[in-house]
Amino acid sequence: MKKKIIIILGIILILVFILFSIQSINRYLAFKKYKDIGYNRKQIELIYQNISIEDRKILLENKHLNCLDKMLLSDSYIKSNFVHYIDYINNNSIEEEKIEDVLLLVNQGIINPYSDSLIKIVKEPYFIKNRLERYLNYLDSNSTKKISKVIQLVNCNLDIENNLRKTDVSKGPLMLVNSLYFLDKGYTTDLVIMEEGYSNYSDSKLNREAYEHFKNLVNDAEILGYHIRNNSSYRSYYQQEELYNQYLRDYGINYTKKYVSKPGYSEHQTGYSLDVGVDKRYASSKFQDTKEFLWMKDNSYKYGFILRYTQEGQEIFGYGYEPWHYRYVGVEAATYIYEHNITFEEYYGYFVEK
Ligand SMILES: [Zn+2]
């Protein structure tokens, strides 16, 4: 009996030893394979820690990767993307110092051929992934343009000529109306008549939400000694049509095109825009010379209003600089636009339309 137990134990021991030996041999062989490709002990440890068993086979099928440690130790490395990194490296003959770029591209699912422009585009703060092909196409035909400009113009849909589109009015105060985005004749919004003390003209109308904010703005400014009033707010499609034709008769096509929108393309039709002045009936064009202008420029965002047609943004919105024209977009959007000094078109392209 005792003998039997000893024999069984002996067999078990031998089996364990054989198993252990096989494992060690396998491990040694695998280790040797990595060594043969050119990886050192430290790198092999990294491979075991950071690459799944399945993916290690792919590594063994490839020639030695100079950038392997750099890749595996990077904060951007994602284990499940390993095969895609290898594919991208192989397809683009990537050098060691570009490995962070590969991680950035692959992590976003981008497989376009590697180029300096591609990586610059992807690193831009307002890069939108599903517009990548459009950025690249636009850059192709406008190679002297800065990458940030390309991003800006494409985000505002200015890479497509005469691409008119109906405004998405469901966006409410964030709807975009400009020389590309238009409103229907029949568009309506919740309009209220502005009270005396807020407007230089009776029967001026504004969207209810925008008006509540405008009243707060006027009241707060008044306490500080600034007398801000509305000069022109909501205009219907037909009123805009009349105004446009009148300007055309009085000033000619060039001036009219720069300062007056065609009917349907005026922000005043949204009910969220107004031209401001002071408490006397000066023309809005003189507003820039007032202390109220300086106050509005730096404080209106707190009430949800932005200086819509800035000096710098003329290429984007296609109109001239209008220091008097303000647009209600809500406090959150207005604050962002003010702090980042971008146009509403750029904000819309990146945050609303995207
Ligand atoms: Zn205006």
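Whatever comes next refers back to the structure up there.
These numbers were taken from a predicted model, which means no experiment stands behind them.

Asks: I would appreciate a short explanation of unusual backbone geometry in the present structure.
Replies: When glycine is set aside, most residues are seen to have a negative phi, and most peptide bonds are trans. Even without glycine at this site, Ser93 takes up a positive phi of about 40°. Secondary-structure assignment places Ser93 in the loop between α5 (82-92) and α6 (99-107). The class for Ser93 is exposed, based on a relative accessible area of 61%. Even without being a glycine, Asp203 presents a positive backbone phi close to 70°. On the secondary structure map, Asp203 appears in the loop between β3 (191-193) and β4 (205-207).

Asks: I tried to follow the coordination of the zinc ion on my own but got confused; where do I start?
Replies: Four donors placed tetrahedrally about a metal ideally form angles of 109.5 degrees, and six donors placed octahedrally ideally form angles of 90 or 180 degrees. For the zinc ion, the full set of protein donor atoms is His268 (NE2), Asp275 (OD) and His325 (ND1), and the range of their distances to it is 2.1 Å. Sequence spacing of the donors to the zinc ion: H-x6-D-x49-H. On the criterion of sequence distance, the pair formed by His268 in the loop between α12 (253-259) and β6 (273-278) and His325 in strand β8 (residues 322-328) is long-range, its members being 57 residues apart. The same class applies to His268 and to His325, which are both buried.

Asks: What's the story with helix α11 (residues 237-251) in this structure? I'm lost.
Replies: Helical geometry: 3.6 residues make up each α-helical turn, so side chains three or four residues apart lie on a common side. Given a rise of 1.5 Å per residue, 15 residues ought to cover 21 Å, and the 21 Å separating the end C-alpha atoms of α11 matches this to within 8%. All of the buried residues along α11 are Tyr237, Gln240 and Tyr244. Projection of α11 onto a plane perpendicular to its axis shows the buried side chains occupying an angular sector of 60°, all on one side. The outward face of α11, more than 90 degrees from its buried face, is lined by the exposed residues Glu242 and Arg249. Looking at the buried residues of α11, the elements they touch are α12.

Asks: What am I meant to see in the nonpolar core here?
Replies: As a rule of thumb, nonpolar side chains are buried together in soluble globular proteins. Ranked by internal contacts, the top residues of the largest apolar core, which has 59 residues, are Leu59, Leu68, Met71 and Tyr135. Filtering out sequence-adjacent residues up to four positions away, Leu68 remains in contact with Tyr39, Ile47, Leu59 and Phe82. In this structure, Tyr198, Leu206, Ile228 and Tyr321 belong to the second largest nonpolar core, which totals 30 residues.

Asks: So what exactly am I meant to see when it comes to empty space enclosed by the protein here?
Replies: Take a probe with the size of a water molecule and roll it over the atoms, and the empty space left behind shows itself. Inspection of every chain in the model, using the stated rule, returns one cavity of 30 Å³ or more. If you add up the space inside the largest cavity, you get close to 40 Å³.

Asks: Looking at this structure, I do not really get the packing of aromatic side chains. What am I missing?
Replies: To describe a pair of aromatic rings, you give the distance between the ring centres and the angle between the ring planes. One pass over the structure, following the stated rule, counts 26 aromatic pairs. One aromatic cluster in this structure is built from Tyr126, Tyr336, Tyr347, Tyr350 and Phe351. Stacked on the ring of Tyr265, the Lys or Arg Lys262 has its end atom at 5.0 Å from the ring centre.

Asks: Please explain the packing of helix α8 (residues 132-141) against helix α9 (residues 147-155) as it appears in this structure.
Replies: Between two packed helices, what matters for the description is the angle formed by their axes and the separation of those axes. Viewed as axis vectors pointing N to C, α8 and α9 meet at an angle of 120°, and their least axial separation amounts to 10 Å. In terms of orientation, α8 and α9 fall into the oblique class. Once α8 is placed against α9, the crossing between them reads as right-handed. Residues Arg134, Tyr135, Tyr138 and Leu139 of α8 form the contact with α9, whose participating residues are Ile147, Val150, Ile151, Leu153, Val154 and Asn155. Tallied by class, residues from the contact of α8 with α9 come to eight nonpolar, one polar and one charged.

Asks: Whenever I open this one, the packing of helix α1 (residues 2-37) against helix α3 (residues 53-61) confuses me. Can you help?
Replies: At their nearest, the axes of α1 and α3 sit 10 Å apart, and the two run at 40° to each other. It follows that α1 is oblique to α3 by the angle criterion. Crossing geometry of α1 relative to α3 is assigned as left-handed. In this structure, α1 contributes Lys33, Tyr34 and Ile37 to the contact, and α3 contributes Arg56, Leu59 and Leu60.

Asks: Any chance you could explain the side chain of Ser273 here in plain terms?
Replies: Note that Ser273 resides in strand β6. Engagement of the side chain of Ser273 in a polar contact is seen with the side chain of Glu267, the distance being 2.8 Å. Among the polar contacts listed, one links the side chain of Ser273 to the side chain of His325, at a separation of 3.4 Å. If sequence neighbours within four positions are ignored, Ser273 has contacts with Leu206, Ser232, Ser233, Tyr234, Glu267, His268, His325, Tyr326 and Arg327.

The rules behind these values
- Residues numbered from 1 in each chain as written.
- Predicted model: local features only at pLDDT ≥ 70, side-chain atom pairs only at ≥ 80, totals over all residues.
- Heavy atoms only, no water.
- Helix = DSSP H or I, 4+ residues; strand = E, 2+ residues; numbered from the N terminus.
- Buried < 20%, exposed > 50% of the residue type's maximum accessible area, 1.4 Å probe, protein only.
- Donors = N, O, S within 2.8 Å, 3.2 Å for Na, K, Ca; no water.
- Expected span 1.5 Å × (residues − 1).
- Arc of directions from axis to C-beta.
- Contact = heavy atoms within 4.5 Å.
- Core = buried A, V, L, I, M, F, W, Y, C linked by side-chain atoms within 4.5 Å.
- 1 Å grid on protein atoms, 1.4 Å probe; cavity = no way out; pocket = protein on both sides within 12 Å on 5 of 7 lines; lining within 4 Å.
- Points joined across faces, edges and corners; volume = space filled by probe spheres on them.
- Phe/Tyr/Trp six-rings, centres within 6.5 Å; stacked < 30°, edge-to-face > 60°.
- Lys NZ or Arg CZ within 6 Å of the ring centre and 35° of its normal.
- Axes fitted to C-alpha atoms, helices over the stretch in contact; angles between N-to-C directions.
- Parallel < 35°, antiparallel > 145°, perpendicular 65-115°, else oblique.
- Left-handed = near helix turned anticlockwise from the far one by under 90°.
- Nonpolar A, V, L, I, M, F, W, Y, C, P; charged D, E, K, R; others polar.
- Polar contact = N/O pair within 3.5 Å; in protein donor to acceptor, adjacent residues only side chain to side chain.

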